[in-house]
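# Remarks on the overall topology
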Amino acid sequence: MSSNKVLSVLPIVFITLFLSGCAKVPVVNLFLAGNKDVVYKDTKTCLPFRLKRILNHTSRKFGKVTVTSTKREVSENRRKGGARNSYHLRCQAADFSVQGKRKKVLKFLKNHGSVGGYSGYTHHYHIDTGPRRTW
Ligand SMILES: [Zn+2]
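An account of the accompanying structure is given in this report. These numbers were taken from a predicted model, which means no experiment stands behind them. Numbering of residues begins from 1 in every chain and follows the order in which that chain's sequence is written. Reporting of local features is limited, given that this is a predicted model, to residues whose pLDDT is at least 70; pairs of side-chain atoms are given and counted only at 80 or more, and all residues count toward the totals for whole chains, interfaces and linings.

Comment: elements are numbered from the N terminus, with helices defined as DSSP H or I runs of at least four residues and strands as E runs of at least two. When its secondary structure is counted, the chain shows five helices and six strands. Traced from its N-terminal end to its C-terminal end, the chain shows the element sequence α-α-β-α-β-α-β-α-β-β-β. Among the 135 residues that make up the chain, the fraction classed as buried is 21%. Distance between backbone-placed C-beta atoms decides contact: two residues are in contact if it is within 7 Å. At a minimum sequence separation of 6, the contacts of the chain that also span at least 24 residues come to 57%. Buried, partly exposed and exposed are defined by the number of other C-beta atoms within 10 Å of a residue's own C-beta, namely 20 or more, between the two limits, and 12 or fewer respectively, with C-beta atoms placed from the backbone.

This is the structure we're talking about:
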């Protein structure tokens, strides 16, 4: 398909999505992969799309999400008491805080199909891309 043809089809795709009522959130997520309700206080670029999506979904359900830790150097990880083989060392984990009842947030993470490991701490939650487990 030529680029002109692609351009002429795009408005139809958008109108169809809009009329089907699912345009607002999914299309924005699809093209921007961002969400103003997810604030990153640590590097965002290396974080896998899978974890960004979970954070977006979490903010849609519970409100503003603040991501406090993604990638850690070995020394930083040691200082923060991370596991020796922590997924943070490879930027495959995110720590975040969010309002909402702890029980409900943990249940949401447990039921989210993309979450690997997850855990709730005193002031934050942890998710990663590892095998499904909790501690
Ligand atoms: Zn963590």
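The rest of the description comes next.
This next bit is on the nonpolar core. By our criterion, buried Ala, Val, Leu, Ile, Met, Phe, Trp, Tyr and Cys residues that link up through C-beta atoms within 7 Å make up a nonpolar core. Core analysis: the largest hydrophobic core is formed by 18 residues, its most contacted members being Leu-55, Ala-94, Phe-96 and Ile-127. Elements with a contribution of two residues or more to this core: α3 (49-62), β2 (65-69), β3 (93-98), α5 (102-111) and β5 (125-128). Top contributing element to this core by residue count: β3, with four residues.

We now examine the sheet that holds β5. Paired strands are those between which DSSP finds at least two bridges. On the basis of which strands lie adjacent, the open sheet formed by six strands has the order β1-β2-β3-β5-β4-β6 and mixed pairing. Of all strands in the sheet, those with a lone pairing partner are β1 (38-40) and β6 (133-134), marking the two edges. For helices, the fitted axis covers only the stretch in contact; all axes are lines through C-alpha atoms, and the angles between them, taken along N-to-C directions, range from 0 to 180 degrees. Sheet strands touched by α5: β3, β4 (117-120) and β5. Its angle to β4, the strand with the most contacts, is close to 180 degrees.

Looking now at α3. Because an α-helix completes one turn every 3.6 residues, residues spaced three or four positions apart along the sequence face the same direction. Over its 14 residues, α3 runs 20 Å from end to end, which matches the ideal 20 Å to within 8%, given 1.5 Å per residue. Those residues of α3 that fall on the buried side of the exposure criterion are Leu-51, Ile-54, Leu-55, His-57 and Thr-58. Looking down the long axis of α3, one finds its buried residues gathered within 160 degrees of arc, a one-sided arrangement. Residues of α3 that are buried make contact with β1, β2, β3, α5 and β5. A positive backbone phi angle near 100 degrees is found at Gly-63, which sits one or two residues after α3. The length a helix should cover is 1.5 Å for every residue beyond the first. Relevant arc is that of directions from the helix axis to the C-beta atoms, nothing else.

When a strand is regular, its side chains alternate between the sheet's two faces. Buried residues dominate β3, accounting for five of its six residues. Sheet topology note: the β3/β5 ladder contains four bridges and is antiparallel. Directly across from Ala-93, in β5, lies its bridge partner Asp-128.

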